[in-house]
Amino acid sequence: MTVPSDPRTRFLLTRRAFLGVSVGTLATIALASCAPAASWVQPDGAPVREAERRRGGTGKVTTATLTAAPSALDLAGTTAATWAFGSIPAPVIRLGAGDTLKATVRNQLDTDTSVHWHGLALRNDMDGVPPVTQQPIRPDESFDYEFIASDPGTYWFHPHVGVQLDRGLYGALIVEDPAEAGDYDDEWVIILDDWLDGVTATPDEVLAELSRGMGTMTGDMFMRMGNTLMGATSDLLGGDAGDVYYPTYLINGKPAGDPAQFTASPGQRIRLRIINAGSDTAFRVVVGGHTLTITHTDGFPVTPTEVDSILIGMGERYDAVITFADGVFPLIAQAEGKRDRGFALVRTGDGSVPAVDVSVPELDSDRAGTADLLRAAGEVTLPTRGPDRQISIALTGSMAAYDWGVDGRRFDMRDPLRGAHEIRQGERVRLTIDNQTTMWHPFHLHGHTYQHQDGGPRKDTSIILPKQTLTVDFDADNPGLWVAHCHNIYHAETGMTTVIGYRA
Ligand SMILES: [Cu+2]
């Protein structure tokens, strides 16, 4: 073949050759989603590749292999059969800002799976949401994820298929900032989880039970019925705190009966990177006898804010710095409204070991850290700009009917773009999420970190209380098809999910 000398012709030929390679993938995605392929930016489309090219990156590559497989979790002597990426949590994946992550995910389960990199503004075709951004990874198959991680912070990964989130398939993804001074001596990753798989039921059994609806059985009395929990209420969450009964709560994969242990020296400053990997539980996190200074949420810095506890919804992350006293201290993740807790120990010296049910004043303090208290740090505050587009999303449905949805409709993964909200690249988007239900929801948007109004924090997952509205702004700078959903996995799977897509 002769190479044309005219650069434009040469470019077109190259481009066609490139498109030729991806035609098969494109056709599959269009078929799976019944999407009019021409009107939406496709996950492997040119704008997505161009956005990744603009990220540039350091060129440094970190590799990881995640094998999803049946596994056993030791819960203080009881063994739970579950699914995991080896250990629970999976080993921390750590890379520098701008580095490339190459992660091979092998599926040794007997069902489809995927991995979603929660919170990262990454290239759309690596977002791990079948069938929107990729085909599911079939049993005995693997998928190679490869993307640039531009923004430093505390992130995590989990499947985006069915209710697999409520198994043991999760881990932390830490993107380090080489430019950050880091006024701390050490850091600990702390992953919280509500656990039932292999103990009382499988998540799929729980979903089936919930989907039958609660009818008129909901009441004020606190009680367990099967795998559901009645009367779990929280003032901080505006009422109903959660509806799934969990027999145990974990900190870094360990139950209270065999607690995770952390050690430091008195006076040391430790950065906690707290991740809520739960499926139906918000946690109130405290360290007995200590205050916490929140420095980041959802990966992005905030004006340092001192609190006694941190309320963290499913999918959220909070980083906090703590200066330790001398002794043995409880690290408690109180399951908000559920009368149980995750429990770990911090040792900086000698002292009696606190009991699992120890009461600490920090749990009752009014100084509870919520997103409302926080201000974005100057360097991550969005430049002032009026919205080019306003989108309104209503969270709808009820516990009684278990018909959670968006805009009155239950999301259908077989037809994901039906009811999708459209934006265009370059726009400043104002997104209003109107919680019309009588329960709180942790709303999560993929691929972007929006900002709460009036200088509030940059976040990708936000607690929205019953009958309340949250308004956020973001810049449409990451083209593709992005799901937005409640991070209560039972709500999301029932239908509280939608797509915000870029028009071509
Ligand atoms: Cu929800």
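Because the structure is predicted, anything quoted here is derived from the model rather than measured.

Quick look at the overall build of the protein
The helix and strand tally for the protein stands at 4 helices and 35 strands. Scaling as 2.2 N^0.38, a compact globule of 504 residues should have a C-alpha radius of gyration of about 23 Å, and the protein matches this with 22 Å. Its C-alpha atoms give the protein principal-axis dimensions of about 80 × 55 × 50 Å. Buried residues in the protein amount to 58% of all 504 residues. Taking as baseline every contact in the protein between residues at least 6 positions apart, the subset at least 24 positions apart corresponds to 74%. For the protein, the exposed surface amounts to about 19400 Å²; the carbon and sulfur share of it is 50%. Taking the average place of the 42 positive charges on the side chains of the protein and the average place of its 64 negative ones, the gap between the two points comes to 8 Å.

A word on the nonpolar core
The biggest cluster of nonpolar side chains holds 126 residues, and the ones touching the most others in it are Trp-117, Phe-443 and Tyr-490. In this view, Trp-117 contacts Leu-66, Ile-93, Leu-101, Ala-103, Leu-122, Met-126, Asp-127, Tyr-145, Phe-147, Trp-156, Phe-157 and Leu-173; residues no more than four positions away in its chain are not counted.

Focus on the packing of aromatic side chains
One pass over the structure, following the stated rule, counts 10 aromatic pairs. Where Phe-85 meets Phe-157, the ring centres are 6.0 Å apart and the plane angle is 55°; that geometry is what we call tilted. A residue pair is termed long-range when its members are at least 10 positions apart, and Phe-85 in the loop between strand S2 (78–84) and strand S3 (90–96) and Phe-157 in strand S7 (residues 153–158) qualify at 72 residues. With a centroid separation of 5.4 Å and an interplanar angle of 55°, the aromatic rings of Trp-117 and Phe-147 are classed as tilted. Pair noted here: Trp-117 is in strand S5 (residues 116–118) and Phe-147 is in strand S6 (residues 142–148), with a separation of 30 residues, a long-range link. Trp-117 gets classed as buried once you look at its relative accessible area, which sits at 0%. Among the residues examined, Phe-147 registers a relative accessible area of 1% and is labelled buried.

Regarding the pattern of salt bridges
Scanning the model with the defined rule gives 30 salt bridges in all. One salt bridge connects Asp-280 with Lys-338, and the closest N-O pair in it is separated by 2.8 Å. Taken together, the residues span a long stretch of sequence, with Asp-280 in the loop between strand S16 (269–276) and strand S17 (283–287) and Lys-338 in the loop between strand S22 (328–335) and strand S23 (340–347) at a distance of 58 residues. Accessibility expressed as a relative area gives 1% for Asp-280, which makes it buried.

Re the coordination of the copper ion
Those donors, His-441 (ND1), Cys-486 (SG) and His-491 (ND1), are the protein atoms that reach the copper ion, and they lie 2.0 to 2.1 Å from it. As a motif over one chain, the donors of the copper ion read H-x44-C-x4-H. Taken together, the residues span a long stretch of sequence, with His-441 in strand S29 (residues 441–445) and Cys-486 in strand S34 (residues 481–486) at a distance of 45 residues. Classification of His-441 by relative accessible area gives buried; the value is 0%. By relative accessible area, Cys-486 is classed as buried at 1%.

Quick notes on the environment of Asp-415
Assignment of secondary structure puts Asp-415 in the loop between strand S26 (405–406) and strand S27 (421–423). Remark: the alpha-carbon pair of Asp-415 and Ala-81, spanning 334 residues in sequence, is separated by 33 Å.

Some thoughts on the domain arrangement of the protein
When its domains are assigned, the protein resolves into domain 1 (56–176), domain 2 (186–374) and domain 3 (380–502). Facing 30 residues of domain 1, the contacting portion of domain 2 comprises 34 residues. Buried surface at the junction of domain 1 and domain 2, summed over both partners, amounts to about 2500 Å²; 60% is from carbon and sulfur atoms. Our count for the domain 1 to domain 2 interface comes out at 3 salt bridges. For Arg-167, the salt bridge is made with Asp-197, and the minimal N-O distance between the two is 3.4 Å. At the boundary of domain 1 and domain 2, one finds 12 residue pairs in polar contact (both at pLDDT 80 or more).

A few points about the sheet that holds strand S32 (residues 461–464)
An order of S27-S35-S34-S29-S32 is seen for the 5 strands of this open sheet, with the pairing classed as mixed. Each edge of the sheet is formed by a strand with only one pairing partner; in this case those strands are S27 and S32. The sheet shows a mean angle of 20° between the axes of neighbouring strands, taken without regard to direction. Across 5 bridges, the pairing between S34 and strand S35 (residues 497–502) is antiparallel. Bridging across to S35, Ala-484 finds its partner in Thr-498.

Details of helix H3 (residues 203–211)
Buried within H3 are the following residues: Pro-203, Val-206, Leu-207, Glu-209 and Leu-210. Relative to the axis of H3, the buried residues are bounded by an arc of 165° and lie together on one face. Looking at the buried side of H3, the elements it contacts are strand S10 (223–225), strand S11 (228–230) and helix H4 (489–494). Phi for Gly-213, located one or two positions after H3, is positive at around 85°.

With respect to the side chain of Asp-112
Take Asp-112: it is sitting in the loop between strand S4 (100–107) and S5. Among the polar contacts made by the side chain of Asp-112, one reaches the side chain of Arg-138 at a distance of 2.5 Å. For Asp-112, the residues in contact, after removing those within four places along its chain, are Asn-107, Pro-136, Ile-137, Arg-138, Pro-139, Val-161 and Gln-164.

Topic: the confidence of the model for the protein
Averaged over every residue, the pLDDT of the protein is 92; residues scoring 70 or more account for 91%. Within the model, pLDDT remains below 50 along residues 1–37, and this stretch shows 29 contacts once partners closer than five positions in the same chain are excluded.

Topic: the sheet that holds S7
Overall, mixed pairing links the 4 strands, which are arranged S3-S8-S7-S5 in an open sheet. Sheet topology places S3 and S5 at the edges, where each strand pairs with a single neighbour. Ignoring which end each strand starts from, the neighbouring axes of this sheet average 25° apart. As paired elements, S7 and strand S8 (residues 171–176) share 5 bridges and run antiparallel to each other. Of the residues in S8, the one forming a bridge with Tyr-155 is Leu-173.

Thresholds, definitions, all that
Residues numbered from 1 in each chain as written. Predicted model: local features only at pLDDT ≥ 70, side-chain atom pairs only at ≥ 80, totals over all residues. Heavy atoms only, no water. Helix = DSSP H or I, 4+ residues; strand = E, 2+ residues; numbered from the N terminus. Rg over C-alpha atoms; globule rule 2.2 N^0.38 Å. Buried < 20%, exposed > 50% of the residue type's maximum accessible area, 1.4 Å probe, protein only. Contact = heavy atoms within 4.5 Å. Areas by Shrake-Rupley, 256 points an atom, 1.4 Å probe, with all protein chains shown as cover. Lys, Arg positive; Asp, Glu negative; His and termini not counted. Charge placed at Lys NZ, Arg CZ, Asp CG, Glu CD. Core = buried A, V, L, I, M, F, W, Y, C linked by side-chain atoms within 4.5 Å. Phe/Tyr/Trp six-rings, centres within 6.5 Å; stacked < 30°, edge-to-face > 60°. Salt bridge = Lys/Arg side-chain N within 4 Å of Asp/Glu carboxyl O. Donors = N, O, S within 2.8 Å, 3.2 Å for Na, K, Ca; no water. Domains from an automatic or database assignment. Buried area = accessible area lost by both parts, 1.4 Å probe. Polar contact = N/O pair within 3.5 Å; in protein donor to acceptor, adjacent residues only side chain to side chain. Pairing = 2+ DSSP bridges. Axes fitted to C-alpha atoms, helices over the stretch in contact; angles between N-to-C directions. Arc of directions from axis to C-beta. pLDDT = per-residue confidence, 0-100.

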